[in-house]
Amino acid sequence: MSAIDTLWEYLAVAVGILVVLGGLTFGLLRGRAGRTQDLPAPPSGQPSTTSPTSQEANDSPTTAPSRAPVDTLPPPAESTEVTEETLPPPPSRPTVETPDAPAGRLQRLRARLARSNSALGKGLLALLSRGQLDEEAWEEVEDTLLAADLGVQATTELVDKLRTRVKIENTTDEASVRRWLHEDLLALVDPSMDRSVANSRIEGRPAVVLVVGVNGTGKTTTVGKLARVLVAEDKDVVLGAADTFRAAAADQLQTWGERVGVPTIRSDREGADPAAVAFDAVKAGAELEADVVVIDTAGRLHNKVGLMDELGKVKRVIEKQSPVDEVLLVLDATTGQNGLRQAEVFGQVVDVTGIVLTKLDGTAKGGIVVAVQRQLGVPVKLVGLGEGPDDLAPFDPEAFVSAILD
């Protein structure tokens, strides 16, 4: 073979190799372009998911592509200030009051008592000191005493004593008559009666005071005022709201107690068993080591046998765990002789130990004090002389008679 033939063979081989290499290169480039076009374009605003080309990887091997800065709001600063709108205001606590001392209350209130009993005091003085006391004059004296609710028996006794004094002394001057009236009225009111209210622990247990009465006498208010009297005497008191028939009675009594810092035992269910509430109140008083437990009861008419029997049940249930040391009957002093009948019936059911006369500063006649004491044989222990919270006063016979005659 000639040299020329050999050269052409080499050229043919070289051309073949170049054609093959060119075809491979073109195929590779076309394949890469096809794969890039097949991928969908990323949505506007979203970063591209296409991997960087080898050139980009070579240019920035460790640095991520830069993004445009995004404006963001700083997080709100945490507020450390609590406004009134954030939390509801705490419930207001009632201010604990300091009641007036009970000693001398009747002296302070005597002006009210004197105004309401001018017929008994000044009327008698005018009749007895005018001289010439004939039978007609003595009849006027009797009428005045009866109109003052003194009662027939007490009136007869007082007139007989006055007649004797006038005959013996042979005088009717005003000073002498005032002195006689003071002495004789004081004897009728009977200052020897024990008018103290059970208010101290007895044999390691609290004293128990049961308060009873008809509707409308101011019984629940009297219990609240009595709590103030006891607190003023530095006694630890527990109140029992056993009037479960009147919707507002328990709330009313609780308000009275809160004003002087005294707890009230009550039922949240209207119409609950009053005996059960009274029992719970005495039990709580023992647990709290109170000095005295005062129990309010529902007002009831004295001529309603069923209601009176229920009152007897309340007392019996209490006595299963503690004796009842005091039963106070609340009477409206303006009812006069009708109140005597009430006192008699209540006394038969619950053994009344003391009387509370309310509204003695109104149209009441002072003679009711004598009449009710004689009817029941128990003393008047407290009198109400106004609407104020401290207008319930321990009864003082001397101050009472002096106020009547002033």
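Above this text is the structure in question.
Residues numbered from 1 in each chain as written. Predicted model: local features only at pLDDT ≥ 70, side-chain atom pairs only at ≥ 80, totals over all residues. Heavy atoms only, no water.

Novice: I keep staring at the overall build of the protein and nothing clicks. Help me out?
Specialist: A tally of regular secondary structure across the protein gives 15 helices and eight strands. The buried share of the protein, taken over its 406 residues, is 42%. For the protein, restricting intrachain contacts to residue pairs at least 6 apart in sequence, the fraction spanning at least 24 positions comes to 78%. If you sum the accessible surface of the protein, you get close to 22,800 Å²; carbon and sulfur atoms cover 54% of it. (Helix = DSSP H or I, 4+ residues; strand = E, 2+ residues; numbered from the N terminus. Buried < 20%, exposed > 50% of the residue type's maximum accessible area, 1.4 Å probe, protein only. Contact = heavy atoms within 4.5 Å. Areas by Shrake-Rupley, 256 points an atom, 1.4 Å probe, with all protein chains shown as cover.)

Novice: What's the story with helix α15 (residues 397–405) in this structure? I'm lost.
Specialist: Quick reminder: α-helices carry 3.6 residues per turn. Residues three or four places apart thus point the same way. Buried residues dominate α15, accounting for eight of its nine residues. Of all the positions in α15, only Pro397, Ala399, Phe400, Val401, Ser402, Ala403, Ile404 and Leu405 are classed as buried.

Novice: Mind showing me how you'd approach the packing of helix α8 (residues 174–189) against α15 here?
Specialist: Each pair of packed helices gets described by two things: the angle between the helix axes and the distance between those axes. Between α8 and α15, whose axes approach to 10 Å, the crossing angle comes to 140 degrees. Put simply, α8 runs oblique to α15. Note that α8 runs across α15; the crossing there is right-handed. Mapping the contact onto sequence places Arg178, Leu181, His182, Leu185, Leu186 and Val189 in α8 and Pro397, Glu398, Phe400, Val401, Ser402 and Leu405 in α15. The class makeup of the residues in the contact of α8 with α15 is eight nonpolar, two polar and two charged. (Axes fitted to C-alpha atoms, helices over the stretch in contact; angles between N-to-C directions. Parallel < 35°, antiparallel > 145°, perpendicular 65-115°, else oblique. Left-handed = near helix turned anticlockwise from the far one by under 90°. Nonpolar A, V, L, I, M, F, W, Y, C, P; charged D, E, K, R; others polar.)

Novice: Looking at this model, I keep getting lost on unusual backbone geometry. Mind explaining?
Specialist: The phi torsion of most residues other than glycine is negative, and most of the peptide bonds are trans. Residues other than glycine seldom take positive phi values, yet glutamate 203 does so here, at roughly 50 degrees. Tracing the chain through its elements places glutamate 203 in the loop between α8 and β1 (207–213). A positive phi angle is found at glutamate 289, which is not glycine, with a value near 55 degrees.

Novice: Hey, could you run me through the packing of aromatic side chains in this one?
Specialist: Here the distance between the centres and the angle between the planes together describe a pair of aromatic rings. Overall, the coordinates contain one aromatic pair when judged by the stated rule. Between phenylalanine 395 and phenylalanine 400, the ring centres sit 5.1 Å apart and the planes meet at 55 degrees, which makes this aromatic pair tilted. Accessibility expressed as a relative area gives 2% for phenylalanine 400, which makes it buried. Positioned above the aromatic ring of tryptophan 256, the side-chain terminus of arginine 259 is 5.1 Å from the ring centre. (Phe/Tyr/Trp six-rings, centres within 6.5 Å; stacked < 30°, edge-to-face > 60°. Lys NZ or Arg CZ within 6 Å of the ring centre and 35° of its normal.)

Novice: Can you walk me through the nonpolar core in this structure?
Specialist: Note on soluble globular proteins: their nonpolar side chains tend to be buried together. Core analysis: the largest hydrophobic core is formed by 72 residues, its most contacted members being Ile295, Ile318, Ile355, Leu357, Val383 and Phe400. Element by element, the count of residues in this core is highest for α8, at seven residues. The residues contacting isoleucine 295, other than those within four sequence positions of it, are Val208, Val209, Leu210, Val211, Gly240, Ala242, Ala278, Val282 and Ile318. Ranked by size, the runner-up nonpolar core spans 24 residues in total, among them Ala227, Ala241, Val260 and Val262. (Core = buried A, V, L, I, M, F, W, Y, C linked by side-chain atoms within 4.5 Å.)

Novice: Is there a simple way to explain the side chain of glutamate 326 in this structure?
Specialist: Within the fold, glutamate 326 resides in strand β5 (residues 326–332). Assessed through its relative accessible area of 3%, glutamate 326 is described here as buried. A distance of 2.9 Å separates a polar atom in the side chain of glutamate 326 from the backbone nitrogen of alanine 198. With residues up to four places along the chain from it excluded, the contact list for glutamate 326 reads Ser196, Val197, Ala198, Val208, Val209, Leu210, Thr353, Gly354 and Lys381. (Polar contact = N/O pair within 3.5 Å; in protein donor to acceptor, adjacent residues only side chain to side chain.)

Novice: Please clarify how the pattern of salt bridges should be interpreted in this entry.
Specialist: Close approach of charged atoms allows side chains of opposite charge to pair. On inspection of all chains with the given rule, the structure shows 16 salt bridges. Aspartate 296 is the salt-bridge partner of lysine 219, the closest N and O atoms lying 3.3 Å from each other. Linking lysine 219 in helix α9 (residues 219–232) with aspartate 296 in strand β4 (residues 292–297), this pair joins segments that are 77 residues apart in sequence. With its nearest N and O atoms 2.6 Å apart, the salt bridge here joins arginine 266 to aspartate 251. In this pair, arginine 266 is assigned in the loop between β3 (264–265) and α11 (274–287) and aspartate 251 in helix α10 (residues 249–259), connecting sequence segments 15 residues apart. Among the charged side chains, a salt-bridge network with shared partners connects Glu97, Arg228, Arg259 and Asp390. (Salt bridge = Lys/Arg side-chain N within 4 Å of Asp/Glu carboxyl O.)

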